[in-house]
Amino acid sequence: MSSSAPPEGFDPGEDVRLCAEADLRPDGRFGREWLVVGESRLWVVSDGDAAPSARLELPLEELGEPKARTLVGGGALEVSRNGERMELVRYTASRSARFGAAAQVLGKWLEGEEAEVPEEEQRYCPRCGMPLAEGTKVCPACLPRTRTLRRLIGYLAPRWKPAVGLALMALVHTGLGLVPPYLQKPLMDEVLAPKGEQRPLDERLRLLGLLVLALLVAHVLMAVISALRNWLVAWLGNRISHDIRVGLYQHLQFLSLGFYDKRQMGTVISRVNQDTGRLQEFLVWGSQDLVTNLLLIVGISGMLLAMNAKLALFVFLPAPIVILLSTTVWRRIRHYMHKFFQRWSRLNAVLNESLSGLRVIKAFAQEPRHIDDFRTRSDELAISGTGVERVWSILFSGLSLVMMLGTLLVWYVGGREVLFGPMTLGTLMVFLTLVGMFYQPLRFMSMLLNWASRSLAAAERVFEVLDTAPEVDEAEDAVPMPDIQGRVEFRDVTFGYEPHRPVLKGISYEVAPGEMIGLVGHSGAGKTTTINLLCRFYDVDEGQILIDGEPISKIRLEDLRQQIGIVPQDTFLFAATIAENIAYAKPGATKEEIITAARAANAHEFILKKPDGYETLLGEKGQGLSAGEQQRLAIARAVLHDPAILILDEATSQVDVETEKGIQEAIQRLVEGRTTFAIAHRLSTLKYADRLIVLKEGEIAEMGTHDELLAAEGEFHRLVQTYQEISTVRAVER
Amino acid sequence: MADDRGDMQEPQPDESPAGEQDEGDETGASEYSPELPVLDAEAMSFRQQGGRLQVRLDDEQEWRDASAVRLFPLSESDRWISVVDEEEKEIGLLLELDSLGEEARECVEAELERRYLIPRIVRILSCRQRFDVMEWTVETDRGEVRFLMRDIREKVKRPLPRHVTLEDVEGNRYDIPDVEALDTASRHLLEERV
């Protein structure tokens, strides 16, 4: 989609270090421009009518402060030239990431630093140019279908016996399906309306009985096989999708947080739910329909050709029309169905929103508005629903008519053959039945093929996750560390969630065992990132973090996590009892241990007031508890976990003074004797910390004790002042 | 990332239009006044310099890198314009572009034109579906363009009853300010697909 080389026909006359293609012209219309940076100059090259030529040519030494400014629907790259800001190029959102990176690199160059031009992210399939879905490299158009199919079949391998049985049953069932029409021939020609010489009546009667009996047997067999087959297919499909689903979930648990950062949780959930669901649906129903339909088409075509090749051709004549028509029918129907479901979900959204906001609606007396809104949506749905049925009925009637044309052709041509030719009435009847059976599968083929290809795409998306390696890998020579003392050292740590955008820049400090560190700074200063790195949710880009002198990348992950405890900002409670939630990190904890932990966390008192005490069942995300109660449960959880290194991400939600005091006490007890990193929002916590580290834009601005920093009247002093002002106001408001 | 809502904020020296220097924080309780900060068109002068909007107020204050923001970009494109400084802090409001002199108006319009890059669809030329991707070719006020959409259900929005926005796979937005104003063929394509 883009080139990192300057356009042909433009010769800068020196080495090009960076080239980025923009997709807007200075007048805001779509067009191509290039930003070209050489050793000493910068050009903006326009794609003119003739050859590309430089619209701007600027010496680098006059430029400074390049910035990718975000505009509405795109952006612009700006620089300062002799103190004045100027715009270089404009681009749409498609090129924003590229120019953001370009501005970064250019900024470094202009300050005389070294920087590498980052590679462009691949967002289009290199083979066919189709866009890739977010967070995936699978192109739906050029999937290696056979590979995916083979891998899916791989899941069948351990259950090959039922699978083979299934295939056999499909074959037999299809074969049996052709028996009844075939029996029609003797029924007609020998028994009911024989052409030429006739058998005696009693013999015909006996034959009739035999044939009907044979028909009965065929149908009974078919029913039995069909029941067996459906059951077996359902079993097999469910087993396979169970295997895939569990494998996927297991893998998801071990993927690093970096994987989730790049994707929306919704898409990950839909991989587990929808994609595996779609796979199962197809494995259970689609695959067998596909196989039987194919077999039927082949079998019937064979029989028709064998009986009367000429007549068979008349049957095949409307077949392409049926296929073509049914393809368009399905496509149309799909559109209408989409619309219909979309309106359903919109109606649901309206319902959901207005019912959950009922209090507000009533308070502002806006009921009529919402009733109107609902009526409109419901009306739309009704119209759309009628539309679907209308299209459905019209298109299907049309389709049936076309298929009927084939039957009519057979009636006419076959009828003539019976009247004037050698053809018997029986053969004609068989033909007619087979024709009906022949068009049926044709109708579904296009839908089934579509279904199959989408299921394969779903399978491929699932496999893609399964193939993602956990980013934080345990070193092969990982050291077991069952007893951590708690000495922590940050040594020149640099890290960014995206390369080229470091969040922490060369951080170094040492923490003694049992020391409490308060991390202070604005949002985005790097506090949370520090903690993420310490827990090894991510690996550092440069430098090292050492615990007891051992780099954390060398410590067994299990040991590391076992001895780091977190009291997170937002307490996450599972839908289980209070006791189970406290004992989350230590499933085998005794009742004594749980109560002791709860008491240490000042949670015991509120718990005993609950009717079910420690066995009070919590709703999802701790429903039924106040914010203060949730925080205390989180503390109790950490107490029971008894980590050597404690991470305290202080909650910011406001609780009343009494509760606050209780929480503070609990935290004091928890911190005792542990190396603690606290992201502090409360002044009291800051006072208790042995040392404070003030972070600013990823660097350490100040470090020292609370009193030292206050006396220094620097960054920390300013922060505290603001904070005090706000809390005075809050105290008064209470 | 956990967001750090309750974070303490650094007090920032503020530059209010009146030029007073007080010590309020960014939420600026001291700066608040119930009246809208409507700018007096007479007292303002606007200039375009090197693609930058420059604003002078009463010949006393000057902003060399100002910009203009639409408060109601969809329904009121030339009313309710906020003039902001380079930090996107509001200098004041322009209620109507028409109240400005012709030259000033052109300057502000040029800035709006620069800031709002979202193309408006004038005509839909074609729409094809390939797998889960929809390929659109449209004529916009910025020229003809081809773009690809996925997740149609989420990426088509109707912020106003007749205003439809489409978002492509790269995050670009394309606006149809008034569906009824499209020609029949375009409208038909749109209705059928989304």
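For the structure, check the block above.
These notes cover the structure that comes with them. Quick caveat, the model's predicted, so the values are computed rather than measured.

**Description of the overall build of chain A**
Now for step 1: A count of helical and extended segments in chain A gives 22 helices and 17 strands.
Now for step 2: Looking at the 734 residues of chain A, the share that counts as buried comes to 30%.
Now for step 3: Residue pairs at least 24 apart in sequence account for 70% of intrachain contacts in chain A once pairs closer than 6 positions are excluded.

**Some remarks on the overall build of chain B**
Now for step 1: For chain B, the count of helices and strands is three helices and 11 strands.
Now for step 2: Ordered by position in the sequence, the α and β elements of chain B form the string β-β-β-β-β-α-β-β-β-α-β-β-β-α.
Now for step 3: Across the 194 residues in chain B, those meeting the buried criterion constitute 23%.
Now for step 4: Pairs at least 24 apart in sequence give 33% of the contacts found in chain B among residues at least 6 apart.

**Here we look at helix α3 (residues 160-177) of chain A**
Residues and elements named next belong to chain A.
Now for step 1: Taking 1.5 Å as the rise per residue, α3 with 18 residues should run 26 Å; its terminal C-alpha atoms sit 26 Å apart, in good agreement.
Now for step 2: Every buried residue of α3 is listed here: L166, H173 and T174. Each buried residue of α3 lies within a common arc of 95° when the element is viewed along its axis, so the set occupies one face. Seen from the buried face of α3, the exposed residues on the opposite side, beyond 90 degrees, are W160, K161, V164 and L168.

**Some points on the environment of B:W63**
Residue and element names in this part refer to chain B.
Now for step 1: The residue W63 is located in strand β3 (residues 61-70) in this model.
Now for step 2: Separated by 22 residues in sequence, W63 and D85 have C-alpha atoms that sit 6.5 Å apart.
Now for step 3: The contact partners of W63, leaving out residues within four places of it in the chain, are Q54, V55, D85 and I91.

**Description of helix α1 (residues 102-115) of chain B**
Residues and elements named next belong to chain B.
Now for step 1: The end-to-end C-alpha distance of α1 is 20 Å, a good match for the 20 Å that 14 residues give at a rise of 1.5 Å each.
Now for step 2: Among the residues of α1, C107, V108, E111, L112, R114 and R115 are the ones counted as buried. Buried residues in α1, looked at end-on, bunch into an arc of 165°, giving them a common side. Set apart from the buried face of α1 by more than 90 degrees, the exposed residues are E102, E103 and E113.

**With respect to the packing of helix α4 (residues 179-192) of chain A against helix α5 (residues 201-254) of chain A**
Residues and elements named next belong to chain A.
Now for step 1: At a minimum axis separation of 10 Å, α4 and α5 run at an interaxial angle of 175°. Classified by the interaxial angle, the pair formed by α4 and α5 is roughly antiparallel. Along the contact surface, α4 presents V179, P180, L183, P186, L187, E190 and V191, while α5 presents R204, L207, L208, L211, A214, L215 and A218.
Now for step 2: Of the residues assigned to the contact of α4 with α5, the class counts are 12 nonpolar, no polar and two charged.

**Things to note about unusual backbone geometry**
Residue and element names in this part refer to chain A.
Now for step 1: Located in the positive-phi region is N602, a residue other than glycine, with phi close to 55°.
Now for step 2: Looking at where N602 falls in the secondary structure, it is placed in the loop between α16 (591-600) and α17 (604-609).
Now for step 3: Despite not being glycine, E713 shows a phi value in the positive range, around 55°.

**Digging into the sheet that holds strand β11 (residues 173-176) of chain B**
Residue and element names in this part refer to chain B.
Now for step 1: Strand order in the open sheet formed by three strands is β9-β10-β11, and the pairing between neighbours is antiparallel. Since the sheet does not close on itself, it has two edges, and those belong to β9 (156-160) and β11, each with one partner. Within this sheet the neighbouring strands show an average axis-to-axis angle of 25°, counted without direction.
Now for step 2: When β9 meets strand β10 (residues 163-167), the two strands line up antiparallel, connected through three bridges. For V156, the partnering residue across the bridge sits in β10 and is L166.

**With respect to the pairing of β10(B)**
All names here are of chain B.
Now for step 1: Of the two faces of β10, only one is covered, namely that formed by V164 and L166; the face formed by H163, T165 and E167 stays uncovered.
Now for step 2: Between the end of β9 and the start of β10, which pair antiparallel, lie two residues.
Now for step 3: Summarising the sheet, β10 and β11 pair through four bridges and their orientation is antiparallel. By the bridge assignment, E167 is partnered in β11 with R173.
Now for step 4: From the end of β10 to the start of β11, which pair antiparallel, there are five residues, and G171 there has a positive phi angle of about 90°.

About the thresholds
Residues numbered from 1 in each chain as written. Chains lettered and ligands numbered in written order. Predicted model: local features only at pLDDT ≥ 70, side-chain atom pairs only at ≥ 80, totals over all residues. Helix = DSSP H or I, 4+ residues; strand = E, 2+ residues; numbered from the N terminus. Buried ≥ 20, exposed ≤ 12 C-beta atoms within 10 Å, placed from the backbone. Contact = placed C-beta atoms within 7 Å. Expected span 1.5 Å × (residues − 1). Arc of directions from axis to C-beta. Axes fitted to C-alpha atoms, helices over the stretch in contact; angles between N-to-C directions. Parallel < 35°, antiparallel > 145°, perpendicular 65-115°, else oblique. Nonpolar A, V, L, I, M, F, W, Y, C, P; charged D, E, K, R; others polar. Pairing = 2+ DSSP bridges.

Remember that the coordinates give geometry; whether it matters functionally is a separate question.
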